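Residue strings, one per chain:
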Amino acid sequence: MNAAWNVIPMYLVVYGSAILWGLAGIFTYKPGKFRGWLAHSAVFLLISALTALVAAKICFAPVDDSYSYSNGSALGLLYLYWLLIFAIACFVVIFGNLGKYCSKNGKNSQSEQEKEPEK
């Protein structure tokens, strides 16, 4: 039971970071044109990829010939957890913002239809 309680903070950090990163991407998007959604998604993916690359450089910077194969593999698994943060956040942001874009445009088209009386 004690070992499980040691793992819970790690999962809170991983998934909490994914949630915060995703919320940052969703709240910075203001629905407008489709090009705006596409540009925001591209910039967010680029920032996520660069942050993941920097994290990989930091994570694997001390790895040299003195590290055993198992220690290098363990660092690789830790890096996969880090990538999980950005993969989850990117999917949430892209589809969340697409939903915001579609709902905004759907509301506009419904209000235009209500204004024009049918003949």
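Just so it is clear, the model here is predicted, and its values are computed rather than measured.

Looking at this model, I keep getting lost on the overall build of the protein chain. Mind explaining?
When you go through the protein chain residue by residue, the secondary structure sums to 3 helices and 0 strands. Element order for the protein chain, N to C, with α for helix and β for strand: α-α-α. Taking all 119 residues of the protein chain together, the buried fraction comes to 23%. Counting contacts in the protein chain only where the partners sit at least 6 residues apart, residues at least 24 apart contribute 78% of the total. Total accessible area on the protein chain is roughly 8700 Å²; 70% of this is exposed by carbon and sulfur atoms.

I'm lost on the confidence of the model for the protein chain in this one. Help?
As a general rule, the predicted coordinates of low-pLDDT regions are not to be interpreted in detail. Mean pLDDT over the protein chain works out to 77, with 84% of the residues at or above the 70 mark. Taken element by element, the protein chain is modelled with least confidence in helix α3 (residues 69–115), mean pLDDT 75, and with most confidence in helix α2 (residues 34–60), mean pLDDT 83.

Help me out: how do you make sense of the side chain of His40 in this one?
By the element assignment, His40 lies in helix α2. Setting aside chain neighbours within four positions, we find His40 in contact with Gly25, Thr28, Tyr29, Val93 and Asn97.

For this particular structure, what's the right way to read the nonpolar core?
Note on soluble globular proteins: their nonpolar side chains tend to be buried together. Among the nonpolar cores identified, the biggest contains 10 residues, and these are Val14, Ala18, Ala52, Ala55, Ala56, Cys59, Leu75, Tyr79, Ile85 and Phe86. When neighbours within four sequence positions are excluded, Ile85 is seen to be in contact with Val14, Ser17 and Ala18.

It is not clear to me how α2 should be interpreted in this structure. Could you clarify?
Since the α-helix advances by 3.6 residues per turn, residues separated by three or four positions end up pointing in the same direction. Taking 1.5 Å per residue, 27 residues should reach 39 Å; α2 reaches 39 Å between its end C-alpha atoms and fits that length. Taken as a whole, α2 has its buried residues at Trp37, His40, Ser41, Phe44, Ser48, Ala52, Ala55, Ala56 and Cys59.

Reading the values: the criteria
- Residues numbered from 1 in each chain as written.
- Predicted model: local features only at pLDDT ≥ 70, side-chain atom pairs only at ≥ 80, totals over all residues.
- Heavy atoms only, no water.
- Helix = DSSP H or I, 4+ residues; strand = E, 2+ residues; numbered from the N terminus.
- Buried < 20%, exposed > 50% of the residue type's maximum accessible area, 1.4 Å probe, protein only.
- Contact = heavy atoms within 4.5 Å.
- Areas by Shrake-Rupley, 256 points an atom, 1.4 Å probe, with all protein chains shown as cover.
- pLDDT = per-residue confidence, 0-100.
- Core = buried A, V, L, I, M, F, W, Y, C linked by side-chain atoms within 4.5 Å.
- Expected span 1.5 Å × (residues − 1).

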